[in-house]
Amino acid sequence: MNYISTRADSVRVTASQAITKGISAEGGLFVPELLPELTLSDIEALSKMDYIGRAKSILSLFLTDFTDEEIEKCVKGAYGTGSFSDPAVAPVVCLEDGLNILELWKGPTCAFKDMALQILPRLMTVSAGKTAKGTEIVILVATSGDTGKAALEGFRDVENTRILVFYPNDGVSPMQKLQMCTQEGKNVSVCAIEGNFDDAQNGVKKIFTDKSVGEKLAENSMAFSSANSINWGRLVPQVVYYISAYCDMLNKGKIKSGDKVNFVVPTGNFGNILAAFYAKEMGIPVNKLICASNKNSVLTDFLTTGTYDRNREFYTTISPSMDILISSNLERLLYTAADGNRVNEWMKQLSETGKYTVDDETFAYIKSSFAAGCCDDDETKAAIGKLFKEQNYLCDTHTAVGVKVYYDYREKTGDNTPTVIASTANPFKFSKAVLEAVEGSVQGLDEFSMVERLAEVTGKECPAPLANLRNKTVRFTNCCEKNSDSMKKVIFDMLNI
Ligand SMILES: *Cc1c(COP(=O)(O)O)cnc(C)c1O
């Protein structure tokens, strides 16, 4: 199977080239030329397998230039070595009131990013072995929190790779900061930036495309790659868990073969929900994909009006991993919906004016698959409180946005299709807001006291990787200015070049 660029029909690369490059040279994103199809009997066969078996079968449909042995090694290394605390890897928990929760946070950093970032480094080393032998891969990440930690954990001590993460000094939660600054591993570095997430992101982008930096790396047999969700190697492992969730719903007797389900996905960069869309296009019976946003409701507005407009106020919310105004992966949906021919024009309008409107036909196509809704912080907290009180289930702030949007959707539409809600983080990762939701006030408590208090009040256990942070040594304390020259210096120092 070949991959083509959303912005240039003539570009054709293999899976391993798409994964090593990360992004196409002219700025487009790689998409599969044709999606593989699953019949109902394929799906029934998958439902008899465990998660590792399902992942192997599905990845082999997409990564056609990998051998079966290579895929098996990547999948087992990621999901079969105990780094996930549940052998089911991504279990579906069935609650009352039609809620089925797909728990995607059993990995080492307790957020759904682990599902992809535990396997991406393995896919990348195999890919680089095929396309760029002898080159050391340097991963640069700008993060607002969860991606940085998950990438560090995924790439730590992976041969022939280095990873350097920049985060905004005042833009991540205390827990997220501690997670990154105590990171272990020989090939990792972390640096704060005096600025916000956009500054970090802009600096990294500039360095990525700086010719002289690229040349200097090449002289030292190194090359940059990207671990953020524009990399195809992050999307394909996410398709697996939607297919797996459908299989689990079958096995639990919640649906019969061929019955449709809804997926609700708390969304920021549109990566996670795009994976659900690909699962649907491959043949998983889906009624609606429900896109849930926080107060930064740019996607809700797009999916209800057909106009994408980022010219608006940016809100900092209690679901920070969804505080995004430019959802990069939407470009891939537009490519499928509009048959590729108008994506360039819309992306140009987006970068020049901050907005674009899709044509009626494209919008109708998108509407046939997607519904959308949003909620604010108070509603998010109310959803956490309600779910805990009524069903003794504790969810995090991002998942709660999904729960609230689903309740609203069901009330408005009367749609009673069995529904799976993607749960994207463990509640202890966002203890402050979750504690406020179940108890009211948290005044005067530091981060670990809040964790303890949350455990006490709810009777739930804080996952070990978060609880253990308390005893870890802080390894990284450096902070640089937000200009790309300071960042370059940090990078060269780390790489010793
Ligand atoms: C990254 C993240 C999201 C948003 O996922 P996208 O793929 O960017 O839409 C939601 N919840 C949590 C906890 C995250 O870390």
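Reference entry: report on the structure contained in this document.

**Examining the overall build of the chain**
Of regular secondary structure, the chain possesses 22 helices and 16 strands. Here the C-alpha atoms of the chain give a radius of gyration of 21 Å, agreeing with the 23 Å that 2.2 N^0.38 yields for 497 residues. Structurally, the chain occupies a C-alpha span of about 60 × 55 × 50 Å along its principal axes. Considering the chain as a whole, with its 497 residues, one finds that 60% of them fall into the buried category. Contacts in the chain between residues at least 24 apart in sequence constitute 74% of all its contacts with a sequence separation of at least 6. For the chain, the accessible surface area stands at approximately 19600 Å², while carbon and sulfur atoms represent 46% of it. Separation between the mean location of the 53 positive side-chain charges and that of the 63 negative ones in the chain comes to 2 Å.

**Here we look at the nonpolar core**
Residues Y79, Y242, L334 and Y356 are the most contacted members of the largest nonpolar core, which totals 112 residues. In terms of residues, this core owes the most to one element, helix α11 (residues 232-251), which gives 13 residues. Formed by 39 residues, the second largest nonpolar core is a distinct cluster that contains C375, Y393, F448 and C462.

**Considerations on the environment of N169**
Tracing the backbone shows N169 in the loop between β7 (161-168) and α8 (174-181). Along the backbone, N169 and S144 are 25 residues apart, and their C-alpha atoms lie at a distance of 9.8 Å.

**As for the pairing of β7**
In terms of burial, β7 is largely enclosed, as eight of its eight residues are buried. Every second residue of β7 is oriented toward a common face, with T161, I163, V165 and Y167 on one face and R162, L164, F166 and P168 on the other, all of them buried. Since strand β6 (residues 136-142) and β7 lie parallel, the crossover through helix α7 (residues 146-155) that links them has a hand, and here it is right-handed. Judged from the six bridges that link them, β7 and strand β8 (residues 188-193) form a sheet pairing that is parallel. In the strand pairing of β8, I163 is matched with V188. Handedness of the crossover joining β7 and β8 through α8: right-handed.

**Quick notes on unusual backbone geometry**
A positive phi is found at C110, a non-glycine position, where the angle reads about 65°. With respect to the secondary-structure elements, C110 resides in the loop between β5 (99-103) and α5 (113-117). The backbone phi angle of D157 is positive, close to 60°, even though this residue is not glycine. Classification of D157 by relative accessible area gives partly exposed; the value is 42%.

**Examining the side chain of D396**
Here D396 is to be found in the loop between α17 (377-391) and α18 (397-413). One buried charged residue, D396, remains without a salt bridge, the closest side chain of opposite sign being K429 at 9.0 Å. The contact partners of D396, leaving out residues within four places of it in the chain, are I384, T424, A425, N426, P427, F430 and V434.

**Here's the deal with the sheet that holds strand β10 (residues 261-266)**
Taken in spatial order, the six strands make up an open sheet running β4-β5-β15-β10-β11-β14, and their pairing is mixed. The open sheet is flanked by β4 (92-94) and β14 (370-374), the only strands paired with a single partner. Strand after strand, the sheet turns through a mean of 25° between neighbouring axes, direction not considered. Pairing between β10 and strand β11 (residues 286-293): five bridges, direction parallel. Across the sheet, residue P266 finds its bridge partner in β11, namely A292. Running over the sheet, helix α16 (residues 360-369) touches β11 and β14 and is turned about 100° from β11.

**Re the pattern of salt bridges**
Oppositely charged side chains are able to pair whenever their charged atoms sit close together. Using the criterion set out here, one finds 29 salt bridges in the structure. In this structure, E70 engages K130 in a salt bridge whose closest nitrogen and oxygen atoms are separated by 2.9 Å. Remark: K130 occurs in helix α6 (residues 120-131) and E70 occurs in helix α4 (residues 68-79); sequence separation between them is 60 residues. Take K130: its relative accessible area is 36%, and that puts it in the partly exposed class. For K482, the salt bridge goes to D199, with nearest N and O atoms at 3.9 Å.

**Some thoughts on the site of the ligand**
Not every one of the 15 residues close to the ligand is listed here, only the nearest: K113, D146, G268, N269 and T424. In the environment of the ligand, an oxygen atom lies 2.7 Å from a nitrogen or oxygen atom belonging to the side chain of D146. Note that an oxygen atom of the ligand is positioned 2.8 Å from one of the backbone N or O atoms of G268. When the ligand sits alone it has 390 Å² of accessible area, and the protein chains cover 96% of it. Residue composition of the shell around the ligand, grouped by class: five nonpolar, eight polar and two charged.

**A look at the sheet that holds β8**
Spatial ordering of the open sheet is given by β9-β6-β7-β8-β16, a layout of five strands whose pairing is parallel. Each of the sheet's edge strands pairs with one partner strand only, and the pair in question is β9 (222-226) and β16 (479-480). Strand direction decides the pairing type here: β6 and β9, joined by five bridges, are parallel. Note on β9: the bridge partner recorded for I137 is A223. Contacts from helix α9 (residues 197-208) reach β6, β7, β8 and β9, with the element oriented near 150° to β6. Contacting β6 and β9, helix α10 (residues 211-219) runs over the sheet at an angle of about 125° to β9.

**So, the packing of aromatic side chains**
Going through the model one piece at a time under the given rule, you end up with 15 aromatic pairs. Centroid distance Y241 to Y242: 5.0 Å. Interplanar angle 50°. Geometry classified as tilted. The exposure class of Y241 is buried, given its relative accessible area of 0%. Consider the rings of F270 and F370, whose centres lie 5.8 Å apart with planes at 35°: the pair is tilted.

**As for helix α3 (residues 51-62)**
Over its 12 residues, α3 runs 17 Å from end to end, which matches the ideal 16 Å to within 8%, given 1.5 Å per residue. Every buried residue of α3 is accounted for by Y51, I52, G53, R54, A55, I58, L59 and F62.

**A look at helix α15 (residues 343-353)**
Every buried residue of α15 is listed here: V343, W346, M347 and L350. Buried positions in α15, seen along its axis, are confined to an arc of 95° and lie on one side of it. Within α15, the exposed residues directed more than 90 degrees away from the buried face are K348 and E352. Taken together, the buried residues of α15 touch β12 (307-309), α14 (330-337), β13 (355-357) and α16.

Parameters at a glance
Residues numbered from 1 in each chain as written. Predicted model: local features only at pLDDT ≥ 70, side-chain atom pairs only at ≥ 80, totals over all residues. Heavy atoms only, no water. Helix = DSSP H or I, 4+ residues; strand = E, 2+ residues; numbered from the N terminus. Rg over C-alpha atoms; globule rule 2.2 N^0.38 Å. Buried < 20%, exposed > 50% of the residue type's maximum accessible area, 1.4 Å probe, protein only. Contact = heavy atoms within 4.5 Å. Areas by Shrake-Rupley, 256 points an atom, 1.4 Å probe, with all protein chains shown as cover. Lys, Arg positive; Asp, Glu negative; His and termini not counted. Charge placed at Lys NZ, Arg CZ, Asp CG, Glu CD. Core = buried A, V, L, I, M, F, W, Y, C linked by side-chain atoms within 4.5 Å. Right-handed = clockwise from strand over helix to strand, strands pointing away. Pairing = 2+ DSSP bridges. Salt bridge = Lys/Arg side-chain N within 4 Å of Asp/Glu carboxyl O. Axes fitted to C-alpha atoms, helices over the stretch in contact; angles between N-to-C directions. Near = heavy atom within 4 Å. Polar contact = N/O pair within 3.5 Å; in protein donor to acceptor, adjacent residues only side chain to side chain. Nonpolar A, V, L, I, M, F, W, Y, C, P; charged D, E, K, R; others polar. Phe/Tyr/Trp six-rings, centres within 6.5 Å; stacked < 30°, edge-to-face > 60°. Expected span 1.5 Å × (residues − 1). Arc of directions from axis to C-beta.

Scope: geometric values only; no functional claims are made or implied.
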